[in-house]
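Overview (structure and organization)
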Amino acid sequence: MKVVVVGAGISGCVCAYRLAEQGHDVVLVEKGRGVGGRMSTRRMAGARIDHGAQFFTVRDSRMKELLTKWQSMDAVVPWYDSIAGREDIPKSIRYRGVNGMTAPAKALARSFSFQKEFFVDSIFFDEEWQINEKGGGNRKLFADHLVLTLPVPQMLELFQRSQFELESKVMDQLEAVRYTRCLALLGILDRPSSLSSPGTITHPTTEIDWISDNHMKGTSPIPACTVHAVDSYSQQFWDAPDEERGPLLVAAAEECLNAKITEWKCHRWGFAKPLVTFGATQYTSAWDRLSLAGDSFGGERIENAAMSGWDAAQAIIDQI
């Protein structure tokens, strides 16, 4: 079959990889410049900074299969399994990408075609799916089966632009999905931080959910940090200019790191963690030749999102 997968987060990449592995003609499209979605790594002033998801776990046997592939490609390494003094955090190996969290998605992307900077404006079905690009590019793709792994609010916007609806029960489940927001601050440090190994701290202040030292983590060649604000702070300052929302996070982070942040940028994750999910790991309609997947279905962890993509691919394979 010809399959188009929209959205290059880990769910879309896993789904495309599984389908390509079965011999299908797969094209993955992404509005951004690369694969990974929230498994994103940014270069800044000589640093490499994971500014979205920081690690992934491996509990499901299928995730172990992916881990074996990634390890054979030198794409991932273990990061840590516990944090000293934090008995409340379950002991389980957390893995990170080599040279950044984008590495696992990039490794999978070698198995299928990828079209970047392709914003899907509309979709139409008439014997086959037509996927239309927004803007001056005017690219069109055609597919026997379409997979959407966008955040659900973006799926619904796409449906509205396309004048497309699924059955009312499914639409109700989609419209009930809710997310947190997260303001991320990426910073360059003037010296190594005082964090102990593995180089991360959770909930250190009322404003901050997570701080990571990318140098101690092994991602960055120079000291650099990632700071994730809690949902309440992110909601409060979502539309504020950087010069208003940034300094408060900088000051709180500097105190935790015992280092000065000499340069920083803010990034907004509008769909950080799903609070209310669809209620199933994926949705596939044989009638519409359409599948929906992602963390809106599987859940907030990278592993859950990956398995959502795996389940969607398996549902398609089982129908053939």
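Residues numbered from 1 in each chain as written. Predicted model: local features only at pLDDT ≥ 70, side-chain atom pairs only at ≥ 80, totals over all residues. Heavy atoms only, no water.

The next subject is the sheet that holds strand β10 (residues 140-143). The strand order across the open sheet formed by 3 strands is β8-β9-β10, and the pairing between neighbours is antiparallel. Taken across any chain shown, the strands that pair with only one partner, and hence form the sheet edges, are β8 (120-126) and β10. With direction set aside, neighbouring strand axes in the sheet form an average angle of 20°. Inspection of the sheet shows β8 paired to strand β9 (residues 128-133) by 6 bridges, in the antiparallel sense. (Pairing = 2+ DSSP bridges. Helix = DSSP H or I, 4+ residues; strand = E, 2+ residues; numbered from the N terminus. Axes fitted to C-alpha atoms, helices over the stretch in contact; angles between N-to-C directions.)

Let's shift gears to the nonpolar core. Counting 43 residues, the largest nonpolar core has I10, F56, L66, W70 and F112 as the members making the most contacts within it. Among the elements of the structure, β1 (2-6), α1 (10-21), β2 (25-29), α2 (61-72), α3 (103-108) and α10 (302-319) are those that each provide at least two residues to this core. Of all the elements, α10 adds the most residues to this core, at 9 residues. Once you skip the residues sitting within four places of it in the chain, L66 turns out to touch V14, Y17, L108, M307 and W310. Counting residues in hydrophobic clusters, the runner-up holds 30 residues, among them W129, V152, M155 and V177. (Core = buried A, V, L, I, M, F, W, Y, C linked by side-chain atoms within 4.5 Å. Buried < 20%, exposed > 50% of the residue type's maximum accessible area, 1.4 Å probe, protein only. Contact = heavy atoms within 4.5 Å.)

As a further point, take α2. In an α-helix, one full turn covers 3.6 residues, which means residues spaced three or four apart are oriented alike. If you check α2, its first and last C-alpha atoms are 17 Å apart, about what 12 residues at 1.5 Å a residue would give, namely 16 Å. Residues of α2 that are buried: M63, L66, L67 and W70. One side of α2 holds all its buried residues, which, seen down the axis, span an arc of 105°. Along α2, exposed side chains directed more than 90 degrees from the buried face belong to S61 and S72. Measuring from the backbone nitrogen of R62 back to the side-chain oxygen at the start of α2 gives 2.7 Å, which picks out D60 as the cap. Within two residues after α2, D74 carries a phi angle of roughly 55°, on the positive side. (Expected span 1.5 Å × (residues − 1). Arc of directions from axis to C-beta. Polar contact = N/O pair within 3.5 Å; in protein donor to acceptor, adjacent residues only side chain to side chain.)

Pairing geometry for strand β3 (residues 41-44) and strand β4 (residues 47-50), over 4 bridges, is antiparallel. Among the inter-strand pairings, R43 is bridged to a residue of β4, identified as R48. Joining the antiparallel neighbours β3 and β4 is a turn of 2 residues, in which A45 adopts a positive phi near 50°.

With that out of the way, let us pick up unusual backbone geometry. Residue P198 is reached from S197 by a cis peptide bond, and omega for that bond is 15°. Its location among the elements puts P198 in the loop between β13 (182-189) and β14 (200-202). Backbone geometry places E117, a non-glycine residue, at a positive phi of 50°. Within the element layout of this structure, E117 appears in the loop between β7 (113-115) and β8. When its relative accessible area of 45% is taken as the criterion, E117 is described as partly exposed. Residues other than glycine seldom take positive phi values, yet R289 does so here, at roughly 50°. With respect to the helices, strands and loops of the structure, R289 is situated in the loop between β19 (283-285) and β20 (290-292).

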